[in-house]
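Okay, here's what each chain looks like letter by letter:
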Amino acid sequence: MVRAPRGFRHRTRKLLKKHTRERGGVPPISLLLHEYNAGDKVHVIINPAIHKGMPHRRYHGKTGVVVGKRGKAYLVKLSLGKKEKTLIVRPEHLRPASQ
C-alpha cells in the first residue's frame with residue numbers, strides 16, 4: 001500500500017465545509033473591507049473557497065489579537081497550548097470578536 005499524502009488541507013472535509021446556502025467563492029464584501037487595528041480581538045474562521053492567506057486547519061476557530069499588518073494580510077498572535085504563535089492571515093479568514 002502507498003502512504004496517504006499529508007497535505008496542507010489533510011483531513012479537512014468536515015472541518016472546512018460550508019453550509020448549503022453559504023456555498024460559492026465570493027465572501028461578503030463587509031468582511032473584506034473591515035479594518036482591524038492593533039489590539040483588536042479576532043476569530044480565525046477559515047473560508048475554504050479562498051486559498052490565499054489561509055492559515056493551517058489547527059487554527060480554525062481560535063481567537064487571537066491583531067499585532068500589525070503586512071501587505072493585505074494581518075499579523076495575528078494567538079496561544080496554542082503553552083506556545084505563542086504569530087499567523088499571517090488575510091481578512092477573508094478573520095471575523096471580529098465582540099468585546
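Everything below is about the structure printed above this text.
The following paragraphs examine the structure supplied in this document. All of these numbers come straight from a predicted model, not from anything done at the bench.

Quick look at the layout of surface pockets
Next, step 1: Taken as a whole, the largest pocket holds about 250 Å³ of empty space.
Next, step 2: Along the walls of the largest pocket sit 16 residues, with K18, E22, I46, N47 and R95 positioned nearest its centre.

Regarding the side chain of T12
Next, step 1: Structurally, T12 can be placed in the segment before α1 (29–33).
Next, step 2: Within the local environment of T12, its side chain forms a polar contact with the backbone oxygen of R9, the two atoms lying 2.7 Å apart.

Quick word on the pattern of salt bridges
Next, step 1: For the structure on display, the rule yields 2 salt bridges.
Next, step 2: For the salt bridge of K69 with E35, the shortest nitrogen-to-oxygen distance reads 3.9 Å. Of the two residues, K69 sits in strand β2 (residues 63–70) while E35 sits in the loop between α1 and β1 (41–44), which places them 34 residues apart along the sequence.
Next, step 3: According to the relative accessible area criterion, K69 is partly exposed, its value standing at 47%.
Next, step 4: Between R90 and E92 there is a salt bridge whose closest N-O contact spans 3.7 Å.

Observations regarding the environment of R6
Next, step 1: Locating R6 in the fold gives a position in the segment before α1.
Next, step 2: Take R6: its relative accessible area is 56%, and that puts it in the exposed class.
Next, step 3: As a C-alpha pair, R6 and S98 span 92 residues in sequence and 35 Å in three-dimensional space.

Calculation criteria
- Residues numbered from 1 in each chain as written.
- Predicted model: local features only at pLDDT ≥ 70, side-chain atom pairs only at ≥ 80, totals over all residues.
- Heavy atoms only, no water.
- 1 Å grid on protein atoms, 1.4 Å probe; cavity = no way out; pocket = protein on both sides within 12 Å on 5 of 7 lines; lining within 4 Å.
- Points joined across faces, edges and corners; volume = space filled by probe spheres on them.
- Helix = DSSP H or I, 4+ residues; strand = E, 2+ residues; numbered from the N terminus.
- Polar contact = N/O pair within 3.5 Å; in protein donor to acceptor, adjacent residues only side chain to side chain.
- Salt bridge = Lys/Arg side-chain N within 4 Å of Asp/Glu carboxyl O.
- Buried < 20%, exposed > 50% of the residue type's maximum accessible area, 1.4 Å probe, protein only.

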